[in-house]
Amino acid sequence: MRPAPRTAHAPRYASIAAAEPFRSAEEAWFWTMSALIARRDGARITAGKGEKVRPCEPDDVIKCLDRLYRCRRIDLIHARILRLWGERGIAPDPRHLSERADAAQWREAMNRLEWPLRVKGIVA
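Anyway, here's the lowdown on the structure attached to this text. Once a new chain begins, its residue numbering starts again from 1 and follows that chain's sequence as written. Residues qualify for local features only when their pLDDT is at least 70, as the model is predicted, and side-chain atom pairs are given and counted only at 80 or more; totals for whole chains, interfaces and linings, by contrast, use all residues. Only heavy atoms go into the side-chain values, all of them from the structure, while hydrogens and water stay out.

Here we look at the overall build of the protein
By the criteria applied, helices consist of DSSP H or I runs no shorter than four residues and strands consist of E runs no shorter than two, each listed in order from the N terminus. If you tally the helices and strands in the protein, you get four helices and zero strands. Here the protein holds 124 residues, and 28% of them are scored as buried. Between two residues, a contact is recorded if the distance between any of their heavy atoms is within 4.5 Å. Counted over contacts in the protein with a minimum sequence separation of 6, partners at least 24 positions apart contribute 71%. Only protein chains enter the accessibility calculation, which uses a 1.4 Å probe; a residue is then buried when its area is under 20% of its type maximum, exposed when over 50%, and partly exposed in between.

Examining the pattern of salt bridges
Salt bridges are defined as contacts in which a side-chain nitrogen from Lys or Arg sits within 4 Å of a carboxyl oxygen from Asp or Glu. By the definition in use, this model includes 12 salt bridges. A salt bridge links glutamate 87 to arginine 40, with the shortest nitrogen-to-oxygen separation between them at 3.5 Å. Residue glutamate 87 is found in helix α3 (residues 76-88), and its partner arginine 40 is found in helix α1 (residues 25-40); the two are separated by 47 residues along the sequence. Between arginine 70 and aspartate 66 there is a salt bridge; the shortest N-O distance is 2.8 Å. Taken together, the residues span about one helical turn, with arginine 70 and aspartate 66 both in helix α2 (residues 58-70) at a distance of four residues. Overall, the relative accessible area of 34% leaves aspartate 66 in the partly exposed class. Through salt bridges with shared partners, a single ionic network connects Arg40, Asp41, Arg83 and Glu87.

Description of the environment of proline 92
For proline 92, the position within the fold is in the loop between α3 and α4 (100-119). A residue is classified by how much of its surface remains accessible, and proline 92, at 7% relative accessible area, is buried. In sequence terms proline 92 and tryptophan 106 are 14 residues apart; their C-alpha atoms lie 7.4 Å from each other. When neighbours within four sequence positions are excluded, proline 92 is seen to be in contact with Trp85, Glu99, Asp102, Ala103 and Trp106.

Describing the state of the cysteines
In this description, a disulfide is simply a cysteine sulfur pair whose atoms lie within 2.5 Å. Within the structure shown, the criterion is met by zero disulfides. Free of any disulfide, cysteine 56 has its nearest neighbouring cysteine sulfur in cysteine 64, separated by 8.4 Å. Judged by its relative accessible area of 4%, cysteine 64 falls in the buried class.

Regarding α4
The span expected for a helix works out to 1.5 Å for each residue beyond the first. Counted at 1.5 Å a residue, the expected span for α4 with its 20 residues is 28 Å, and the 30 Å between its end C-alpha atoms agrees. We define the bend at any residue as the angle between the axes fitted to the seven residues before and including it, ending there, and the seven starting there. Where α4 bends most, the angle comes to about 25°, and this point is leucine 113, followed within four residues by the proline proline 116. Those residues of α4 not exposed but buried are Asp102, Ala103, Trp106, Ala109, Met110, Leu113, Pro116 and Leu117. In this fold, the buried residues of α4 make contact with α1, α2 and α3. Looking one or two places after α4, you find glycine 121, whose phi comes out positive at around 85°.

This is the structure:
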């Protein structure tokens, strides 16, 4: 007779049905950037270990952005603005004169990123 497996040591995997999609592309982008910054700083990213179960990995959002770039739907300036403001953790404010151009690029990139993320079920 085999001993029963120890449940305290068995990994628990979250169901994809329990995954909570993001409300917007902007929310997905900030989540992705925070995960990438944590990874760069040495954290080990493990699926299903966060506060909420998400329907994707950070790399899935990056792949959508890369596909838009390869299809020439966004330019390098969009990617730079997304990285810069994503690392800051806030969107550029069009009310500030110095951020107005960045805000226009940001909004354009978010509008184009929204659809591929929605099709993949990453954004609700």
